[in-house]
Amino acid sequence: MISKVFMVAALLYAATAGAERSRYTGIKVEPDIKVDFQFYRVFGPDVVSVSRQIAKQGQTQARGHIGMASYQLSWQLQTRPEADRCALEQVRITTRIKVMVPNWMDKARASAAERQKWDTLVTAMFDYESRHKQILLESVSQLGIQLAQLPVERDCAALQYQAWQQGQGVLASTRERFTQLQQQTDHGRTLGVIWPKGI
């Protein structure tokens, strides 16, 4: 009876030890996240006039939208070939977020009601874009965990390919979540990102 229990314990330990060695552990993950806010100037006596100017600017500013955000997510593994495996030393994840928003230059001349309309519109726009940003930051965290726990590979090219597959999966999931957010909020309209009538 004792020998059987010992054998089971030994097999469990061997299985656990093997599982630990099959994945990298203690890998340093360095996220590099930068958010760049850019403002373009618009003028007008009221929100409708300003919105018409935004619509006319087309591709030159925010592609005809009130505001625009773009996102980039990339990753890099620092590896070193060893005799029996590819050593993974570090994971670097780079995220760039660029937000383009209008700056109503002569807003102070408008009525209090028009200023309130504009502030409500811009606040809703920031809320909508911040939800995209939150999704992206969650994806960065998810990707960091996955890359730091990649299966051990003998060949560094194979390890890089594993990382590429994991990254593509996270990117696909991120795009799907972006689409869901757009559908759930009607592209921000339910949050208040609504153009004035007649634009």
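Keep in mind that what you see is a predicted model, and the values were worked out from it rather than measured.

Turning our attention to the pattern of salt bridges. Across all of its chains, the model carries 12 salt bridges by this definition. The residue Arg189 makes a salt bridge to Asp186 at a minimum N-O spacing of 3.3 Å. Under the relative-accessibility criterion, Asp186 is labelled partly exposed at 38%. Through salt bridges with shared partners, a single ionic network connects Lys28, Glu30, Asp32, Arg92 and Arg96.

Below, the discussion takes up the sheet that holds strand β3 (residues 86-104). Taken in spatial order, the 3 strands make up an open sheet running β1-β3-β2, and their pairing is mixed. Edge positions in the open sheet fall to β1 (28-42) and β2 (68-81), since each of these has one partner strand only. With strand direction ignored, the average angle separating the axes of adjacent strands in the sheet is 15°. With 14 bridges connecting them, β2 and β3 associate as antiparallel partners. Within β3, the position partnered with Trp75 by the bridge is Ile93. Against the sheet, helix α4 (residues 156-185) touches β2 and β3, its axis set at about 160° to β2.

Glancing now at the nonpolar core. Counting 42 residues, the largest nonpolar core has Leu73, Leu77, Trp118 and Leu147 as its most contacted members. Sorting the residues of this core by element identifies β1, α2 (47-57), β2, β3, α3 (112-148) and α4 as the ones contributing at least two each. Among the elements that make up this core, the one with the highest residue count is α3 (12 residues). Those residues in contact with Trp118, other than ones at most four positions away along the chain, are Val47, Val50, Ile54, Pro102, Trp104 and Lys107.

On to a nonpolar patch on the surface. A cluster of nonpolar side chains, namely Ile33, Val35, Phe37, Phe39 and Phe126, defines an oily patch on the protein surface of about 440 Å² accessible area. Sorting elements by how many residues they give to the nonpolar patch places β1 first, with 4 residues. Within the secondary structure, Val35 sits in strand β1.

Per-residue confidence for the protein chain averages 83 on the pLDDT scale, and 83% of its residues sit at or above 70. Across the protein chain, element-level confidence peaks in α4 with a mean pLDDT of 95 and bottoms out in helix α1 (residues 2-21) with 34. For residues 1-20, every residue scores under 50 in pLDDT, and the model assigns this stretch 1 contact once sequence neighbours within four places are set aside.

Let's shift gears to the side chain of His132. By the element assignment, His132 lies in helix α3. Note on His132: relative accessible area 5%, which makes it buried. Setting aside residues up to four positions removed in sequence, His132 forms contacts with Tyr71, Phe178, Leu181 and Gln182.

As enumerated under the stated definition, the model contains 4 aromatic pairs in all. On the numbers, 5.9 Å between centres and 45° between planes, the contact of Phe37 with Phe126 is tilted. Here the residue Phe37 occupies a position in strand β1, and Phe126 occupies one in helix α3, the gap between them amounting to 89 residues. Judged by its relative accessible area of 30%, Phe126 is partly exposed. An angle of 40° between the planes, with centres 5.4 Å apart, marks the rings of Tyr71 and Phe178 as tilted. In this pair, Tyr71 is assigned in strand β2 and Phe178 in helix α4, connecting sequence segments 107 residues apart. Classification of Tyr71 as partly exposed rests on a relative accessible area of 21%.

What counts and how
Residues numbered from 1 in each chain as written. Predicted model: local features only at pLDDT ≥ 70, side-chain atom pairs only at ≥ 80, totals over all residues. Heavy atoms only, no water. Salt bridge = Lys/Arg side-chain N within 4 Å of Asp/Glu carboxyl O. Buried < 20%, exposed > 50% of the residue type's maximum accessible area, 1.4 Å probe, protein only. Pairing = 2+ DSSP bridges. Helix = DSSP H or I, 4+ residues; strand = E, 2+ residues; numbered from the N terminus. Axes fitted to C-alpha atoms, helices over the stretch in contact; angles between N-to-C directions. Contact = heavy atoms within 4.5 Å. Core = buried A, V, L, I, M, F, W, Y, C linked by side-chain atoms within 4.5 Å. Patch = residues over 30% accessible without salt bridge, like charges linked within 9 Å, V, L, I, M, F, W, Y side chains within 5 Å. Areas by Shrake-Rupley, 256 points an atom, 1.4 Å probe, with all protein chains shown as cover. pLDDT = per-residue confidence, 0-100. Phe/Tyr/Trp six-rings, centres within 6.5 Å; stacked < 30°, edge-to-face > 60°.

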